[in-house]
Amino acid sequence: MNCVLSIDIGTTSVKTVLYDTNGKVQGYSNNGYPLYQDTPDMAEEDPEEIFSAMQTGITEVLRKSDLSSRKLKGVAFSCAMHSLILLDSDHKPITRAITWGDNRAIKYANKLKTSSQGMKIYQNTGTPIHPMTPLTKLIWLRNDHPDLFKKARWFVGIKEYILYKLFGVLKEDYSIANATGMFNIYKMDWDEQALQIAGVTRNQLPELVDTTYQLKGMHDQYAKVLGIDAETPFIIGASDGPLANLGVNAIQPGVVAVTIGTSGAVRVVADKPHIDPKARVFCYYLAKNMWVIGGPVNNGGVVFRWVRDQLCAPEKVTAEQLHIDPYNLLTQIAAKIPAGSDGLLFFPFLGGERAPIWNANARGSFFGLNRTHTRAHMIRAVLEGIVYNLYTVMLALEEVVGRPTSIQANGGFARSGLWRQMLTDIFEHDVAIPESFESTALGAATLGMYSLGLIDSLTDVSNFVGTTVVHHPDPKNFSAYRELMPIYIRLSRSLEPEYKNIADYQRRHEHKDDFSEK
């Protein structure tokens, strides 16, 4: 059986999955690395630690799978968006990888966003103006760290750096380039206005290629370490969000993918670019005639983790003593509370927010607390708040591409029956949970198989996903959510003017000791 190895470079780990050409998993490895937050708003990773995690993942999977290199037809990549690494003239990093979660460019992002240039750049690139983007990071570095900026010869992301180490060439796929905020989605080339604002030239950036592009001729030193023939094709692949849509077979018009992992997103595929007049959603390239329109949220499972660690320490200890998953215990507690949490609302903006408000200063809050509310109410309100926010993204998306015909959901949250039902009830729509394992990696593998000619069309992913479980909305919960959702939306708007004030106060009073050390 021929196989394709999928490499998914994420925010917290590299997932390595070996698929056969029937889409069945033949091997799996997950290797993590730290996120460095030495100062307020920083979110960086070490490129060498990521590269090492990738090497470990590949060697582990190939060793455990006992797969001969003759049967490995190719290696396909997925990668998190918006990372930025500055390289010197010898292609050596002079910074760590600045991730999408880094907010240090917020001042310059806000200034560009409110200018006439900002809207024009969004219209040309499909990428909302936000500190997550390499575009705004470059403006920040050029202004606040000019010496470092001048030392740089190349500006790349983590996938481009890894592939350079392996092959000695700098290539960047259209999908990752699209997410930089400097790629013109109509010209399929770097956007001259964005480059000028960033202060870089096209000869400081990698060469652009399609997502099906293949690299061959890996350096012998890495071929030997990885146990892969040097001429094995490496398919450059795409960014993780669009590939997640492909991996759950949400690529037909009107089929929406809702993902909640550490963060989350709501996305739909169209055959041409779509731009939101209010600049609330992105438009990212996946493959020829496939554009993914949607909105990402910062605050998904990471908020539930905060609840576990900061609000529910006793339950966490109990779960450990009983040898059960603490999240399962917390959802059991939340399930005892009625839909709507008896009028308790939670705004889940613990890490700023992207869609639909695109405000890195946004902060979380409970609203409606009274003496009858318990921690169980707070747990449920947090879970509902995450879904409320995703629903507001869905409303924005509907304005751009129309109502969904069906909804596919995936991500870590999909293991929770309560959360699945919550999503179904708040969206008032059937929600299908595909069986596919590691949907982003499967999307990369499918794109790789298509590039290699092992399948005829990307729609063949429908044969790989497996069965789906469909959840139906429960009408008895509609009245609570229909009444609370408008309150949530109105409050979101009324709180927004104060986010900057409270965020500025917090930055002035934050201490370096509160953050991880390198």
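Remember, it's a predicted structure, so these values are computed and weren't measured experimentally.

Visitor: Teacher, can you tell me more about the overall build of the protein here?
Guide: Along the backbone of the protein there are 18 helices and 23 strands. Relative to a compact globule of 518 residues, whose C-alpha radius of gyration would be 24 Å, the protein shows 22 Å and is just as compact. For the protein, the C-alpha atoms occupy an extent of roughly 65 × 50 × 45 Å along the three principal directions. Counting every position in the protein, which comprises 518 residues, the buried fraction comes to 59%.

Visitor: Looking at this structure, how should I read the pattern of salt bridges?
Guide: Side chains bearing opposite charge may pair, as long as their charged atoms lie close to each other. Evaluation of the coordinates by the stated rule reveals 23 salt bridges. The closest approach of N and O atoms between Glu48 and Lys165, which form a salt bridge, is 2.8 Å. Taken together, the positions of Glu48 in helix 1 (residues 47–65) and Lys165 in helix 6 (residues 158–167) put the pair 117 residues apart, joining distant regions of the chain. Accessibility expressed as a relative area gives 32% for Glu48, which makes it partly exposed. In this structure, Arg482 and Glu428 form a salt bridge, with 2.7 Å as the shortest nitrogen-oxygen distance. In this pair, Arg482 is assigned in helix 18 (residues 478–509) and Glu428 in the loop between helix 15 (417–427) and strand 22 (431–434), connecting sequence segments 54 residues apart.

Visitor: Mind showing me how you'd approach the nonpolar core here?
Guide: Within soluble globular proteins, side chains that are nonpolar tend to cluster in buried spots. By size, the foremost hydrophobic cluster in this structure holds 124 residues, and its most contacted members are Leu135, Phe155, Met182, Val200, Ile293, Trp419 and Phe427. If one sorts the elements of this core by residue count, helix 14 (residues 375–401) sits on top with 15 residues. Those residues in contact with Phe155 that sit more than four places away from it in its chain are Leu84, Ile85, Leu86, Leu138, Phe149, Val200, Gln204, Leu205 and Pro206. Counting 42 residues, the second largest nonpolar core, distinct from the first, contains Cys3, Ile50, Leu67 and Tyr222.

Visitor: What am I meant to see in the side chain of Thr16 here?
Guide: Within the secondary structure, Thr16 sits in strand 2 (residues 13–20). When near neighbours in sequence (up to four residues on either side) are disregarded, Thr16 contacts Leu5, Ser6, Ile7, Gly27, Tyr28, Ser29, Gly57, Ile58 and Val61.

Visitor: What am I meant to see in the sheet that holds strand 5 (residues 72–79) here?
Guide: Pairing between the strands of a sheet comes from backbone hydrogen bonds, and it takes one of two forms, parallel or antiparallel. Taken together, six strands build an open sheet; the order of strands is 3-2-1-5-14-13 and the sheet is mixed. The outermost strands of the open sheet, each flanked by one partner alone, are strand 3 (25–32) and strand 13 (214–215). Sheet analysis places strand 13 next to strand 14 (residues 234–239), joined by two bridges and oriented antiparallel. What sits directly across from Leu215, in strand 14, is Phe234. Strands in contact with helix 6 are strand 1 (3–9), strand 5, strand 13 and strand 14; relative to strand 14, the strand with the most contacts, it is inclined by about 175 degrees.

Visitor: Sorry, what's going on with the sheet that holds strand 22 here?
Guide: Spatially, seven strands are ordered 17-18-16-15-21-22-23 in an open sheet, and the strand pairing comes out mixed. The open sheet has two free edges, formed respectively by strand 17 (282–287) and strand 23 (468–471), since each of these has just one partner strand. Averaged over all neighbouring strand pairs, the angle between strand axes comes to 30 degrees, with direction disregarded. Of the pairings in the sheet, the one linking strand 15 (residues 255–260) to strand 16 (residues 264–270) comprises five bridges and is antiparallel in character. Paired with Val258 across the strands is Val266, a residue of strand 16.

Visitor: It is not clear to me how the packing of aromatic side chains should be interpreted in this structure. Could you clarify?
Guide: What characterises a pair of aromatic rings is the spacing of the ring centres plus the angle enclosed by the ring planes. Scanning the model with the defined rule gives 19 aromatic pairs in all. Measuring from ring centre to ring centre gives 5.3 Å for Tyr391 and Phe427, while their planes differ by 70 degrees; the resulting arrangement is edge-to-face. Linking Tyr391 in helix 14 with Phe427 in helix 15, this pair joins segments that are 36 residues apart in sequence. Relative accessible area serves as the criterion here: at 18%, Tyr391 is assigned to the buried category. Note on Phe427: relative accessible area 6%, which makes it buried. Just above the ring of Trp154 sits the side chain of Arg153; from NZ or CZ to the centre is 3.9 Å.

Visitor: How should I be thinking about the state of the cysteines in this particular structure?
Guide: Between two cysteines, a covalent bond joining their sulfur atoms is known as a disulfide. Scanning the entire structure with this criterion turns up zero disulfides. Looking at the unpaired Cys79, the closest cysteine sulfur is the one in Cys283, lying at 20 Å.

Visitor: Looking at this model, I keep getting lost on the side chain of Ser29. Mind explaining?
Guide: Positionally, Ser29 belongs in strand 3. Residue classification places Ser29 among the buried residues on the basis of a relative accessible area of 4%.

Visitor: Even after reading the chapter, I still don't get helix 13 (residues 326–334), so can you show me in this structure?
Guide: Each full turn of the α-helix corresponds to 3.6 residues, which orients residues three or four apart in the same direction. All of the buried residues along helix 13 are Pro326, Leu329, Leu330, Thr331 and Ala334. Elements in contact with the buried residues of helix 13: helix 11 (301–311), helix 12 (313–322), helix 14 and helix 15. For helix 13, the N-terminal capping position is held by Asp325, with its side-chain oxygen 2.8 Å away from the main-chain nitrogen of Tyr327.

Visitor: Explanation requested: the environment of Pro233 in the structure shown.
Guide: Looking at where Pro233 falls in the secondary structure, it is placed in the loop between helix 9 (220–226) and strand 14. Each C-alpha atom, one on Pro233 and one on Cys312, is 48 Å from the other, the two residues being 79 residues apart in sequence. The contact partners of Pro233, leaving out residues within four places of it in the chain, are Lys73, Gly74, Val75, Gln214, Leu215, Lys216 and Leu452.

Visitor: Could you clarify how one ought to interpret the environment of Ser239 in this entry?
Guide: Inspection of the secondary structure puts Ser239 in strand 14. The spacing of Ser239 and Ser479 is 240 residues in sequence and 39 Å in space, taken between C-alpha atoms. A distance of 2.7 Å separates polar atoms of two side chains, one belonging to Ser239 and the other to Ser175.

Visitor: Hey, could you run me through the confidence of the model for the protein in this one?
Guide: It should be kept in mind that the predicted coordinates are not to be read in detail where pLDDT is low. Here the protein averages 95 in pLDDT, while 98% of its residues score no lower than 70. Taken as a whole, residues 513–518 scores under 50 in pLDDT and shows 14 contacts with residues more than four places along the chain or in a different chain.

Definitions and cut-offs
By convention here, each chain's residues receive numbers from 1 onward along its written sequence. Per-residue local features are limited, in this predicted model, to residues with pLDDT of at least 70; the limit for side-chain atom pairs, both in listing and counting, is 80 or more; totals at the level of whole chains, interfaces and linings are taken over all residues. Neither water nor hydrogens contribute to the side-chain values; these are computed over all heavy atoms in the structure. By definition, any uninterrupted DSSP run of H or I lasting at least four residues is a helix, any uninterrupted run of E lasting at least two residues is a strand, and each is numbered from the N terminus. Each radius of gyration is computed over the set of C-alpha atoms, and the globule rule expresses the reference value as 2.2 Å times the number of residues to the power 0.38. To sort residues, take the accessible area from a 1.4 Å probe on protein chains only and compare it with the maximum for the residue type: under 20% means buried, over 50% means exposed, and anything in between is partly exposed. Salt bridge, as used here, is a side-chain nitrogen of Lys or Arg placed within 4 Å of a carboxyl oxygen of Asp or Glu. Buried residues of nine kinds, namely Ala, Val, Leu, Ile, Met, Phe, Trp, Tyr and Cys, make up a nonpolar core once their side-chain atoms join them within 4.5 Å. Residue contacts are defined here by distance: any two heavy atoms, one from each residue, within 4.5 Å place the two residues in contact. Pairing between two strands is assigned when DSSP locates at least 2 bridges connecting them. All axes here are fitted lines through C-alpha atoms, helices being fitted over the stretch that makes contact, and every angle between N-to-C directions spans 0 to 180 degrees. Here the aromatic set is Phe, Tyr and Trp, taking the six-membered ring for Trp, and pairing holds for ring centres within 6.5 Å; pairs whose planes are under 30 degrees apart are stacked, those over 60 apart are edge-to-face, and all others are tilted. Any Lys NZ or Arg CZ that is within 6 Å of a ring centre and within 35 degrees of that ring's normal is treated as a charge sitting over the ring. When two cysteine sulfur atoms are found within 2.5 Å, that pair is recorded as a disulfide. The definition of a polar contact used here is a pair of N or O atoms within 3.5 Å, where within protein one atom must be able to donate a hydrogen and the other to accept one, and adjacent residues in sequence count solely through side-chain atom pairs. Per-residue confidence from the predictor is reported as pLDDT, which spans 0 to 100.

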